[in-house]
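Spelled out from the first residue to the last, the chains are:
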Amino acid sequence: MDTRYLQSFVAVVELGSMAEAARRLDLTPAAIAARVKSLEDDIGVPLVQRAGRSVRPTEAGLKMLDRARNVLRDVRDLRAATSGGVSLGELRLGVFISALTGVLPPVLERLYARFPDLSVFVAPGSSVELCRQVASGALDAAIVVEPQFAVGKGCSFETLLEEPLVVVAPEAMAHRAAHELLAAEPFIRYDRSVLGGQLADRYLRDHGIRVRQRLEIDSLMAVAALVGRGLGVALLPDWAPMWRAGMNIARVALPERAPVRRVGLIWAAQGPRAALAQALLAEAKAVFS
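Thresholds applied
- Residues numbered from 1 in each chain as written.
- Predicted model: local features only at pLDDT ≥ 70, side-chain atom pairs only at ≥ 80, totals over all residues.
- Heavy atoms only, no water.
- Pairing = 2+ DSSP bridges.
- Helix = DSSP H or I, 4+ residues; strand = E, 2+ residues; numbered from the N terminus.
- Right-handed = clockwise from strand over helix to strand, strands pointing away.
- Salt bridge = Lys/Arg side-chain N within 4 Å of Asp/Glu carboxyl O.
- Buried < 20%, exposed > 50% of the residue type's maximum accessible area, 1.4 Å probe, protein only.
- Expected span 1.5 Å × (residues − 1).
- Contact = heavy atoms within 4.5 Å.
- Phe/Tyr/Trp six-rings, centres within 6.5 Å; stacked < 30°, edge-to-face > 60°.
- Lys NZ or Arg CZ within 6 Å of the ring centre and 35° of its normal.
- Core = buried A, V, L, I, M, F, W, Y, C linked by side-chain atoms within 4.5 Å.

S.K.: For this particular structure, what's the right way to read the pairing of strand β8 (residues 212-217)?
M.R.: Sheet faces and side chains relate simply in a regular strand, where the side chains alternate between the two faces. Relative to β8, strand β7 (residues 186-190) runs parallel, the two being bridged by 5 bridges. Counterpart to Tyr190 in the pairing with β8 is Ile217. Chirality of the crossover, the property in question, places the unit of β7, helix α9 (residues 195-206) and β8 among those that are right-handed.

So, in structure tokens, the structure goes:
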């Protein structure tokens, strides 16, 4: 059984699309489909089923998925073990969406300076899902918002930076008090399905602030851009890229100790990738210390 076929099968199931898997693996959709078909012929049962442009695993495919991930992880670990687990091979790194531009580039810049031959596979996603993938072995490490639950057995988490909540307002409103802005101006809400949005929602409820919500969206930069256009105010983690983007926005501090969103690294503390994850942690700390 060719492990490349397993890789294609896992990618198709995780991404839900032959086309997306092809883009991820730098192949054509026809090549991905051929690999999955060859794997199905080898196994003797259908592993995926198509519904329009999307692809879902069959019952047999679901049963095989975790074992296929384990085989791929073991193959990567064998390759890494021959090089001490650091200088060669591929690091599978998860990154939550907001960190793709604000956190990842400077960290990778330092990591590549130290290990120029390193290959990194970056998987974007939600922090909760990325933590699950690190615990299952599908990812070696992930840059995430601090999980609000116990990390998986064999995993470690360390904080890289802290982002207190602040009111983000149009620059012309910078002189006004934070609570007055939240109560009086249209409110652009950061999505409550993510921790930053949940912290903001809890703060508003704890302080009895009733907002006039205009919309809710899961993108810090999009919220900041809308505020910059004068469409309202927001209560957001103090995320550095907002202030470097040249938008017409101002930071207004809360009147008391603000809730904090912590961003850090979760990694599998055992196995041949642990040393590389520790190297990643060291370079990230150097960036944000």
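That covers the picture; the talk isn't over yet.
S.K.: Help me understand the pattern of salt bridges, please; the structure alone is not making it clear to me.
M.R.: A side chain of one charge can pair with a side chain of the opposite charge when the charged atoms of the two come close. Per the counting criterion, the structure on display carries 18 salt bridges. Two residues, Arg192 and Glu216, come together in a salt bridge whose shortest N-O distance is 2.7 Å. With Arg192 in the loop between β7 and α9 and Glu216 in strand β8, this residue pair connects regions lying 24 residues apart in the sequence. Note on Arg192: relative accessible area 34%, which makes it partly exposed. Residue classification places Glu216 among the partly exposed positions, given a relative accessible area of 31%. Linked through salt bridges whose partners overlap, the residues forming this network are Arg189, Arg192, Asp201, Arg205 and Glu216.

S.K.: Can you walk me through helix α12 (residues 274-288) in this structure?
M.R.: Residues lying three or four places apart along an α-helix face the same way, a consequence of the helix completing one turn every 3.6 residues. Its 15 residues place the ends of α12 21 Å apart at the C-alpha level, agreeing with the 21 Å of an ideal helix rising 1.5 Å per residue. Looking at the buried side of α12, the elements it contacts are β3 (90-96), α6 (104-114), β5 (141-145), β6 (155-170) and β11 (260-268).

S.K.: Help me out: how do you make sense of the packing of aromatic side chains in this one?
M.R.: Where two aromatic rings form a pair, the distance of their centres and the angle of their planes describe that pair. For the structure shown, the criterion picks out 0 aromatic pairs. In this structure, Arg251 is placed above the aromatic ring of Trp243, and the distance from its NZ or CZ to the ring centre is 4.3 Å.

S.K.: Would you mind showing me how to read the nonpolar core here?
M.R.: A general feature of soluble globular proteins is that nonpolar side chains tend to end up buried together. Leu93, Ile143 and Leu235 are the most contacted members of the largest nonpolar core, which has 56 residues in total. Not counting chain neighbours up to four residues away, the residues in contact with Leu235 comprise Leu165, Val166, Val167, Leu182, Phe187, Ala200, Tyr203, Leu204 and Leu254.

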